[in-house]
Amino acid sequence: MNTDRPKIVLLYQSLLGIYGDHGNAVVLTKRLQWRGIDAELLTVEPGQPVPTDGAVYLLGGGEDTAQITAVQELKADGGLFTALDDGAMLFAVCAGYQICGKSFTIGARDEVIEGLGLLDIETRRGPERAVGEVLHIWVQPDGSTYPITGFENHGGWTELGSDAKPLAAVEVGWGNGNRRDEGAVQGRVIGTYPHGPVLARNPQLADHVLEMALGCRLEPLDISEMTALRQRRIEAVRTGRP
Ligand code: GLN
């Protein structure tokens, strides 16, 4: 990985791009550029080789059948696995999160599909579709808590195995489906359900991803305007008036 010109690699928008999660890649790139770091945003579509020298790789939400194709293409290419072995980060949302697991189910027939095996999670069709605004409590590396806002829309419910840890605790919403834990973290892979895009709505989570990827602390940016907007959103979700 080139830390002077870090690459933010957005994967397979044509498959996993229907929920606006490409915004996460823009946010990561901009937050580096605003600090004077010459970051580059690359988009990679199925059939194109996945570069192995990226700093952060991103997967977004999408529909069930697109998830199967994404898994097949990523396995056939192999570049993402090499990059992760070399120390890159992967940030995956919803459908992208589910395919990182050991397996997930698709469609009314509940066909079980083998995932990428990057997270010790399994996703099965839940008894209800999880839809709505969310508020999740993330414990930052310094031990302080940070509310994550966003919205969720998923039929799959996810169970964590012992190698994966939840990203956050659910305050409002379904999270992994049990209304208790949200997302998963394992090594340098973070999976989460909220769209938004989630890194635009939660800049400290964005900086956490970048700091893990680059292996250094980043200077703080002025987020006062964002903080005021976030506060309004957090209060609206807490009082049930989103
Ligand atoms: N198709 C998946 C599900 O419904 C993911 C949906 C999404 O990415 N929002 O569980």
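Given the structure is predicted, the values throughout are model-derived calculations rather than measurements.

## Brief notes about the packing of helix α1 (residues 22-33) against helix α6 (residues 203-214)
Then, number 1: It is the contact of α1 with α6, at a shortest axis distance of 10 Å, that shows an interaxial angle of 75°. The angle between α1 and α6 falls in the class roughly perpendicular. Contact residues: V27, L28, R31 and L32 in α1; P203, A206, D207, V209, L210 and L214 in α6.
Then, number 2: Taken together, the residues that form the contact of α1 with α6 break down as eight nonpolar, no polar and two charged.

## Here we look at the UniProt feature "binding site: substrate" (unreviewed entry) in the chain
Then, number 1: Here the UniProt-annotated "binding site: substrate" (unreviewed entry) positions come out as R129.
Then, number 2: Among the secondary structure elements, R129 is positioned in strand β7 (residues 121-139).
Then, number 3: For R129, a relative accessible area of 48% puts it in the partly exposed group.

## Section: the pattern of salt bridges
Then, number 1: Applying the stated criterion to the full structure yields 15 salt bridges.
Then, number 2: Where R180 meets D181, a salt bridge forms, and the shortest distance between an N and an O atom there is 3.3 Å.
Then, number 3: Judged by its relative accessible area of 12%, D181 is buried.
Then, number 4: With a closest N to O distance of 3.1 Å, R217 and E211 form a salt bridge.
Then, number 5: Residue class for E211 comes out buried when judged on its relative accessible area of 18%.
Then, number 6: Salt bridges sharing partners connect three or more residues here, namely R5, D38 and E40.

## Comments concerning the confidence of the model for the chain
Where the model shows low pLDDT, its predicted coordinates should not be examined in detail.
Then, number 1: Per-residue pLDDT for the chain averages 96, and the proportion of residues at 70 or more is 99%.
Then, number 2: For this predicted complex, the interface confidence score (ipTM) comes to 0.96, while the overall pTM stands at 0.97.

## Notes on the packing of aromatic side chains
Then, number 1: Enumeration over the complete set of coordinates arrives at three aromatic pairs.
Then, number 2: Taken together, a centroid distance of 5.9 Å and an interplanar angle of 85° make the contact between W138 and Y146 edge-to-face. The two residues W138 and Y146 agree in class, both being buried.
Then, number 3: Of note, R179 hangs over the ring of W174, and the distance from its end group to the ring centre comes to 3.8 Å.

## Here's the deal with the layout of surface pockets
Then, number 1: The volume enclosed by the largest pocket comes to roughly 380 Å³.
Then, number 2: Residue lining of the largest pocket: 19 residues in total, with Q140, Q204, D207, E211 and R217 positioned closest to the centre.
Then, number 3: Broken down by element, the residue count for the lining of the largest pocket peaks at six residues, all from α6.
Then, number 4: The residue makeup of the lining of the largest pocket, split by class, is eight nonpolar, four polar and seven charged.
Then, number 5: Approximately 240 Å³ is the volume found for the second largest pocket.
Then, number 6: Lining of the second largest pocket is provided by 20 residues; of these, D64, Q67, R129, G155 and G156 occupy positions nearest its centre.
Then, number 7: Among the secondary structure elements, those contributing two or more residues to the lining of the second largest pocket are α2 (64-77), α4 (95-99), β5 (103-106), β7 and β8 (145-160).

The rules we used
Residues numbered from 1 in each chain as written. Predicted model: local features only at pLDDT ≥ 70, side-chain atom pairs only at ≥ 80, totals over all residues. Heavy atoms only, no water. Axes fitted to C-alpha atoms, helices over the stretch in contact; angles between N-to-C directions. Helix = DSSP H or I, 4+ residues; strand = E, 2+ residues; numbered from the N terminus. Parallel < 35°, antiparallel > 145°, perpendicular 65-115°, else oblique. Contact = heavy atoms within 4.5 Å. Nonpolar A, V, L, I, M, F, W, Y, C, P; charged D, E, K, R; others polar. UniProt positions renumbered as here; feature names shortened; annotations may be inferred. Buried < 20%, exposed > 50% of the residue type's maximum accessible area, 1.4 Å probe, protein only. Salt bridge = Lys/Arg side-chain N within 4 Å of Asp/Glu carboxyl O. pLDDT = per-residue confidence, 0-100. Phe/Tyr/Trp six-rings, centres within 6.5 Å; stacked < 30°, edge-to-face > 60°. Lys NZ or Arg CZ within 6 Å of the ring centre and 35° of its normal. 1 Å grid on protein atoms, 1.4 Å probe; cavity = no way out; pocket = protein on both sides within 12 Å on 5 of 7 lines; lining within 4 Å. Points joined across faces, edges and corners; volume = space filled by probe spheres on them.

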